[in-house]
Amino acid sequence: MLSLKGIHHIAIIASDYEKSKRFYTEILGFKIDREVNRKERQSFKLDLSLNGDYCIELFSFPEPPKRPSRPEATGLRHLAFKVVNVEEAIEQLVKNDVHPEPIRIDQLTGKKFTFFADPDDLPIELYEI
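To start, this report covers the structure provided alongside it.

Along the chain, the position of Ser43 falls in strand E3 (residues 43–50). Note: C-alpha distance between Ser43 and Pro102 (59 residues apart in sequence) is 36 Å. Filtering out sequence-adjacent residues up to four positions away, Ser43 remains in contact with Val36, Asn37, Arg38, Ser60 and Phe61. In terms of polar contacts, Ser43 uses its side chain to reach the backbone carbonyl oxygen of Ser60, at 2.6 Å.

What follows is the structure, encoded as structure tokens:
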């Protein structure tokens, strides 16, 4: 068995780099650690952190193919972020024209959660801790 220590990062390819960059930084609150223009690949790479932890690599590529993400496509199902209060988080999203699904209750834990989508329709979950 491998001796994994945790998740290092999540890589996301954006169809509209500037739109996704704004979404992850200005709406979700990620901090830009580094941005690299990889001219030879016609690509940008944006390193993002949350609360001091490196989390997401956001990429751009010329004409990336679409990937099915719903309802239950094979592969990455969604990203989930911890929040203290789901209702307050939803209020902030709505102020930024992001409209989550109705709040649900996890039948196993009794905790509240909701889903919304990033600019490329990647499902994102907010899970109340």
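Right, picking up where we left off after that structure.
Burial in helix H1 (residues 17–27) covers these residues: Tyr17, Ser20, Lys21, Phe23, Tyr24, Thr25 and Ile27. Looking one or two residues beyond H1, the residue adopting positive phi is Gly29, at roughly 90°.

Here we take up the pairing of strand E7 (residues 112–117). Summarising the sheet, strand E6 (residues 104–105) and E7 pair through two bridges and their orientation is antiparallel. Opposite Ile105, over in E7, you have Lys112 as the bridge partner. A loop of six residues connects E6 with E7, the two strands running antiparallel in sequence, and Gly110 in this loop sits at a positive phi of about 75°. As paired elements, E7 and strand E8 (residues 123–128) share five bridges and run antiparallel to each other. Looking at E8, one finds that Ala117 is bridged to Pro123. The turn linking E7 back onto E8 is made up of five residues, and Asp121 within it adopts a positive phi angle of 70°.

This paragraph deals with the packing of aromatic side chains. For the structure on display, the rule yields eight aromatic pairs. Seen in terms of ring centroids, Tyr17 and Phe44 are 5.0 Å apart; in terms of plane orientation they differ by 15°. Their pairing is stacked. In this pair, Tyr17 sits in helix H1 while Phe44 sits in strand E3, placing the two residues 27 residues apart along the sequence. Classification of Tyr17 as buried rests on a relative accessible area of 8%. Residue classification places Phe44 among the partly exposed positions, given a relative accessible area of 29%. Geometrically, the ring pair formed by Phe23 and Phe116 is tilted, given 6.3 Å between the ring centres and 55° between the ring planes. Placement of the pair is Phe23 in helix H1 and Phe116 in strand E7, with a sequence separation of 93 residues. Phe23 gets classed as buried once you look at its relative accessible area, which sits at 4%. When its relative accessible area of 3% is taken as the criterion, Phe116 is described as buried.

Thresholds, definitions, all that
Residues numbered from 1 in each chain as written. Predicted model: local features only at pLDDT ≥ 70, side-chain atom pairs only at ≥ 80, totals over all residues. Heavy atoms only, no water. Helix = DSSP H or I, 4+ residues; strand = E, 2+ residues; numbered from the N terminus. Contact = heavy atoms within 4.5 Å. Polar contact = N/O pair within 3.5 Å; in protein donor to acceptor, adjacent residues only side chain to side chain. Buried < 20%, exposed > 50% of the residue type's maximum accessible area, 1.4 Å probe, protein only. Pairing = 2+ DSSP bridges. Phe/Tyr/Trp six-rings, centres within 6.5 Å; stacked < 30°, edge-to-face > 60°.

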